[in-house]
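# Overview (structure and organization)
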Amino acid sequence: MCGIVGFIGHTPNAKDTLEAMMDRIRHRGPDAGGMYLNEEIALGHRRLSIIDLTEQGNQPIYNEDKSMVLIFNGEIYNYQDIRKELVSAGHHFQTETDSEVLIHGYEEYGTELLNKLRGMFSFVIWDEKKKQLFGARDFFGIKPLYYAQMDGSFLFGSEIKSFLAHPAFKKELNTDVLEQYLTFQYSPTADTFFKGVKKLLPAHYFIWQKGKLTVQRYWDIHFQADEAPLLGDWVKSISETFHDSVRAHKIADVEVGSFLSSGVDSSYVAAIANVDKTFTVGFGTDEKYNEIGWAKKFSQAIGKENFSHVITQNEYWDILPKIQYQMDEPLADPSCIALYFVCKLAAEQVKVVLSGEGADELFGGYNVYSEPNATIYDKLPMRVRRTIANIAAKLPAKRGVNFLVRKGRTLEERFIGNAYMFTPAERKALLKIQTNAPDPCAVTKPFYDKVKDADPITKMQYLDLHLWMAGDILLKADKMSMAHSLELRVPFLDKELMHLAEQIPSKFRVTHNVTTDDKTPYTTKYAMRLAAKRDTPASTADTAAKKKLGFPVPIRVWLKEDKCYQIVRTSFTSDTASRYFNTDLLMKLLDDHKNGKADNSRKIWTVYMFLVWYAVYFESETTK
């Protein structure tokens, strides 16, 4: 795992500029650094040594005649197989790294190389003969890649913060993305919070040549259920394919550990990975917020050592500016901070950890996936439900009212992903500024159009795989792990496992009122839970049925306490807040929450995280 930076275009003191950009991402690769510069391009690399720990593994890496040069972030798990093909085709390798297969593979296969890869990656290859830059990002978006065209320069890298060191970079807030963020809790499109900076989307590549940039998708997900196999056949296939993926994800020349919560995903990984150490964090002693006791019991059952840390309220709030700096863009997911601390804990022991991200999106794990057609109310005509919803929308928000509002909207209208913070009307009222942000449904429509004939569960999964997972889940996984020079691997997000998941009928992904022989109820991730049960110890068999907490954070409780209330109040009444928001509405959200009139915790947190991020990137001397 590493970090990459670079730029094309005339830059005075190019070497000094490149070094400054590399220093901004030193945390991604503290073991070594390397550069390539000529009159056209500058490439920089920070290395975290995982495979081939010798100096031979340092980057940049070249082809035989040094007409091509590579910088790479990620891991290619099937590199040995690809290497054999390339050697047979006449290519000569200088190192034992997985990185080198990319440059020889690109020589041999061109862009078709990407579909041969199994792994997580973002990389660029400069072709000196063609004066052409090729850049690519992995299938799911595990590894990030950003780019910007400014003042005659083309900038690219693993983190936006590296661009701050380039003289051509102009730092401006993208207010359109701010408005979208208020609904999604992350930036959902290729645009970022920095005007002119874009993220290369998952499963895309770009080619830059003579000032022209083209971007192309090279892979997509295609759900097509196979109704022939029985449930037991799917369970067996999941087990075999996942075991193979975990084996591939353990390839390393350093020790590998595993995160562990009380949910089935991380438990399944830990149970079959045969790592020596597991890592868990929690809050206080309340089991709603603390899974440490369960994790220690599970670790003991599988014969592993568990390391844990209880996060205090002060630790949580004090680290927020650093978190938002590492994120590059504001993210309103409270679990991001818990992830930061579990990465910190793991980095004290190992260089690589396995984690359970992706299982919910592949196999239908979110509770919201069980909502369509789950009640008798769903059988009412939509026109009747819509009328009731319009009336309910005028009432104070609470569980029953929210149910009526949701059920009065089509899936495409109500589901934009796992987080829906502010409605379009709410965010317009909240913002003092005018923007050109699209409606949330305009953001999700291209994805729904691709699966318009699919069942509701498949539609929701397809949307989450493209927006929620890349924009929230994987973004925080990469940034929080790399903040501690820790490589985080996600064996559920494997191309072979995705191909299998595409074929599983929705009735074996999400079920209603299904029980197994031991009377354990299952709803979500049905087939996958049965596969996991094969490998989890009998003493912890309830793992397969246990609802995942997902790094729960007690912000709802904290925001009612005077100390935390005052922290947010100071932010909500600041000059920055008044520049962008109607602060009387912000204070109403905060006061109503404190007084128990409504649970506004997530909406409050969404705005507060933006204000923390803004202070770091636009008001701090360190980011100028």
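Rules and cut-offs
- Sequence order sets the numbering: in each chain, residues are counted from 1 along the sequence as written.
- Reporting of local features is limited, given that this is a predicted model, to residues whose pLDDT is at least 70; pairs of side-chain atoms are given and counted only at 80 or more, and all residues count toward the totals for whole chains, interfaces and linings.
- With hydrogens and water excluded, all non-hydrogen atoms of the structure serve as input to the side-chain values.
- Helix and strand assignments come from DSSP, with helices taken as H or I runs of at least 4 residues and strands as E runs of at least 2, each series counted from the N terminus.
- Residue burial is assigned from relative accessible area. The probe radius is 1.4 Å, only protein chains are included, and a residue is buried under 20% of its type maximum, exposed over 50%, and partly exposed in between.
- For this analysis, a polar contact is any N or O atom pair within 3.5 Å, provided that within protein one partner can donate a hydrogen and the other can accept it, and provided that sequence-adjacent residues contribute only side-chain to side-chain pairs.
- Every residue pair with non-hydrogen atoms within 4.5 Å of one another is taken to be in contact.
- Note on method: axes are straight lines fitted to C-alpha atoms, helices fitted across the in-contact stretch only, with angles between N-to-C directions ranging 0 to 180 degrees.
- An angle below 35 degrees is treated as roughly parallel, one above 145 as roughly antiparallel, one from 65 to 115 as roughly perpendicular, and anything else as oblique.
- By convention the crossing between two helices is left-handed if the near helix lies anticlockwise of the far one by an angle smaller than a right angle, and right-handed if it lies clockwise.
- Residue types Ala, Val, Leu, Ile, Met, Phe, Trp, Tyr and Cys, when buried and joined through side-chain atoms within 4.5 Å, form a set referred to as a nonpolar core.
- Any Phe, Tyr or Trp ring, taking Trp's six-membered ring, that has another such ring centre within 6.5 Å forms a pair; planes under 30 degrees apart are called stacked, those over 60 apart edge-to-face, and the others tilted.
- Salt bridges, as used here, are contacts in which a Lys or Arg side-chain nitrogen is within 4 Å of a carboxyl oxygen on Asp or Glu.
- For two strands to be treated as a pair, DSSP must find at least two bridges joining them.

## Describing the side chain of Ser 67
Within the secondary structure, Ser 67 is located in the loop between strand E4 (61-62) and strand E5 (68-76). Its relative accessible area of 12% is what places Ser 67 among the buried residues. Here the side chain of Ser 67 touches Asp 65 through a polar contact of 2.6 Å, side chain to side chain. Discounting residues that sit within four places of it in the chain, Ser 67 has contacts with Trp 126, Asp 127, Glu 128 and Lys 129.

## Digging into the packing of helix H22 (residues 562-572) against helix H25 (residues 601-618)
Contact geometry of H22 with H25 gives a least axis separation of 10 Å together with a crossing angle of 60°. Of the possible angle classes, the one that applies to H22 and H25 is oblique. Once H22 is placed against H25, the crossing between them reads as left-handed. Listed contacts from H25 to Ile 567, Val 568, Ser 571 and Phe 572 of H22 are Ile 604, Val 607, Tyr 608 and Leu 611.

## Considering the nonpolar core
Counting 175 residues, the largest nonpolar core has Phe 123, Tyr 316, Phe 581 and Phe 610 as the members making the most contacts within it. Considering each element in turn, this core owes the most residues, 12 residues, to H25. Grouped together as the second largest cluster of nonpolar side chains are 17 residues, Ile 8, Ile 41, Tyr 147 and Phe 206 included.

## Details of the packing of aromatic side chains
Summed over the entire model, instances satisfying the criterion amount to 50 aromatic pairs. Seen from their ring centres, Trp 605 and Tyr 608 are 5.8 Å apart, and the 55° between their planes marks the pair as tilted. Within this pair, Trp 605 and its partner Tyr 608 are both found in helix H25, separated by 3 residues, close to a single helical turn. The buried category is assigned to Trp 605, whose relative accessible area is 0%.

## Details of the pattern of salt bridges
The full count for this structure, using the stated rule, is 41 salt bridges. A salt bridge links Asp 378 to Lys 407, with the shortest nitrogen-to-oxygen separation between them at 2.9 Å. Note that Asp 378 is positioned in the loop between helix H11 (359-363) and helix H12 (382-392) and Lys 407 in helix H13 (residues 399-407), a separation of 29 residues in sequence.

## Notes on the pairing of E5
Most of E5 is tucked away, with 9 of its 9 residues classed as buried. Bridge count for E4 against E5 is 2 bridges, and the pairing is antiparallel. Looking at the pairing, Ile 61 lines up with Leu 70 of E5. Linking E4 to E5, which pair antiparallel, is a turn of 5 residues; within it Lys 66 sits at a positive phi near 60°.

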